[in-house]
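In case you want the letters, here they are:
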Amino acid sequence: MTIRSARFLLLLILVTALLPFTGAAQTKATEMRPTIEIQQVLAPTGSLRVALYTGTPTSVLTSTDLRGVGYDLGKELARRLNVPFEPIIFTKNADVLDAVKTGRADVAFTNASAERAKDMDFTQPYLLIELGYLARENAPVEGLADVDRPGVRVGVTAKSSSEGVLSHDLKNAQVVPVETVKVGVQMLSAGTLDLYATNKATLFEMMDQLPGSRVFEGQWGDERHALAIPKGRDSGLPYARAFIADAIASGLVKSAVDRSGLRGAVVASSLP
């Protein structure tokens, strides 16, 4: 065998060995490229209607430039689908959930609870957030172990998963449904609430507005934030899941967390 023939044989062996990896990379890229059918399922109006609610970096903050994990992920999903981004901003999370449930919005980025899964379909989680308590200044509660006592008033966002859980779990404290987080801040400031219970990302935002307040150490549960789509759009879920997996692995979720100033959250594993 000549030297030229040996080199050619070696090159042929190397190319053959690399073919499976090249094919896999091309397949993955093809899977992430949306078909017309995927566009029509996930954005049936021609725009991606993303339901968001104000007051929390997990969704959208509107005090200066619009930012938030849900806002940034929704904007990127619309870009990848090659459709206009249409944020629909509410003041209450309950309105976000209703918009997805009724199909008035195409996606939301929210806590994937078992109760909500009855009304919408979820991807794997991209954020894990502790649930805790914010205590106003001079609240008659020292820590997590002192919460469930007579006379303690615990605010929760009306129709939230926190209301559902704590209304059942707290036997002595009074659970007070509050229309919005903004109203919760006002009630804590006025002393008509002692504590507020929700995810710590929101609690830290509330704490910044209430001098002397503090977020308790420890947790009474956790939230697993995921991408939600209306029921009946199952064929869009594989693409949605692939998007979330890539958003985690590529650092997109981490960048959105940093840009929003989100505290009290951990980026979930990229595995389903």
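First, a word on scope: everything that follows refers to the structure included in this document. Small disclaimer: the values here were computed from a predicted structure and weren't measured. (Residues numbered from 1 in each chain as written. Predicted model: local features only at pLDDT ≥ 70, side-chain atom pairs only at ≥ 80, totals over all residues. Heavy atoms only, no water.)

### Notes on the environment of Gln124
Moving on, step 1. Summarising the element assignment, Gln124 is placed in the loop between strand 4 (120–122) and strand 5 (127–135).
Moving on, step 2. C-alpha separation for the pair Gln124 and Ile244, spaced 120 residues apart in sequence, amounts to 7.5 Å.
Moving on, step 3. Among the polar contacts listed, one links the side chain of Gln124 to the backbone oxygen of Arg241, at a separation of 3.1 Å. (Helix = DSSP H or I, 4+ residues; strand = E, 2+ residues; numbered from the N terminus. Polar contact = N/O pair within 3.5 Å; in protein donor to acceptor, adjacent residues only side chain to side chain.)

### As for the nonpolar core
Moving on, step 1. Counting residues in hydrophobic clusters, the biggest one holds 33 residues, and the most contacted among them are Leu48, Tyr126 and Leu227.
Moving on, step 2. Tallying contributions element by element places helix 8 (residues 237–249) first for this core, with seven residues.
Moving on, step 3. Residues within four places of Leu48 in sequence aside, it is in contact with Leu42, Ala43, Gly74, Leu77, Ala78, Leu81, Val83, Pro84, Phe85, Glu86, Asp106 and Val107.
Moving on, step 4. Ranked by size, the runner-up nonpolar core spans 14 residues in total, among them Tyr133, Ala135, Val147 and Leu170. (Core = buried A, V, L, I, M, F, W, Y, C linked by side-chain atoms within 4.5 Å. Buried < 20%, exposed > 50% of the residue type's maximum accessible area, 1.4 Å probe, protein only. Contact = heavy atoms within 4.5 Å.)

### What to know about the pairing of strand 6 (residues 153–157)
Moving on, step 1. Counting buried residues along strand 6, four of its five residues qualify, which places the element largely inside the surrounding structure.
Moving on, step 2. As paired strands, strand 6 and strand 7 (residues 174–178) are joined by five bridges and run parallel to one another. For Val154, the partnering residue across the bridge sits in strand 7 and is Val175.
Moving on, step 3. Between the parallel pair strand 6 and strand 7, the chain is carried across by helix 5 (residues 161–169), and the sense of this crossover is right-handed.
Moving on, step 4. Here strand 6 pairs with strand 8 (residues 195–199) via two bridges, running parallel. Within the sheet, the bridge partner assigned to Gly155 lies in strand 8 and is Tyr196. (Pairing = 2+ DSSP bridges. Right-handed = clockwise from strand over helix to strand, strands pointing away.)

### Some words on the packing of aromatic side chains
Moving on, step 1. Applying the stated rule across the entire model yields three aromatic pairs.
Moving on, step 2. For the pair Phe109 and Tyr126, a centre-to-centre distance of 6.1 Å together with 70 degrees between the ring planes defines the contact as edge-to-face. Taken together, the residues span a long stretch of sequence, with Phe109 in strand 3 (residues 107–111) and Tyr126 in the loop between strand 4 and strand 5 at a distance of 17 residues. Each member of the pair Phe109 and Tyr126 is classed as buried.
Moving on, step 3. Considering the side-chain rings of Tyr133 and Trp220, the 6.3 Å spacing of their centres and the 40 degrees angle between planes classify their relative orientation as tilted. Of this pair, Tyr133 sits in strand 5 while Trp220 sits in the loop between strand 9 (214–215) and strand 10 (221–230); the two residues are 87 residues apart in sequence, bridging distant segments of the chain. (Phe/Tyr/Trp six-rings, centres within 6.5 Å; stacked < 30°, edge-to-face > 60°.)

### Some remarks on the pattern of salt bridges
Moving on, step 1. In total, this model carries 18 salt bridges according to the counting rule given.
Moving on, step 2. Asp65 serves as the salt-bridge partner of Arg259, at 3.4 Å between the closest nitrogen and oxygen. With a gap of 194 residues between them, Arg259 in helix 9 (residues 252–260) and Asp65 in the loop between strand 1 (48–53) and helix 3 (69–81) connect regions that are remote in the sequence.
Moving on, step 3. Residue classification places Asp65 among the partly exposed residues on the basis of a relative accessible area of 44%.
Moving on, step 4. In this structure, the salt-bridge partner of Arg153 is Asp194, at a minimum N-O distance of 3.0 Å. Remark: Asp194 occurs in the loop between helix 6 (181–190) and strand 8 and Arg153 occurs in strand 6; sequence separation between them is 41 residues. (Salt bridge = Lys/Arg side-chain N within 4 Å of Asp/Glu carboxyl O.)

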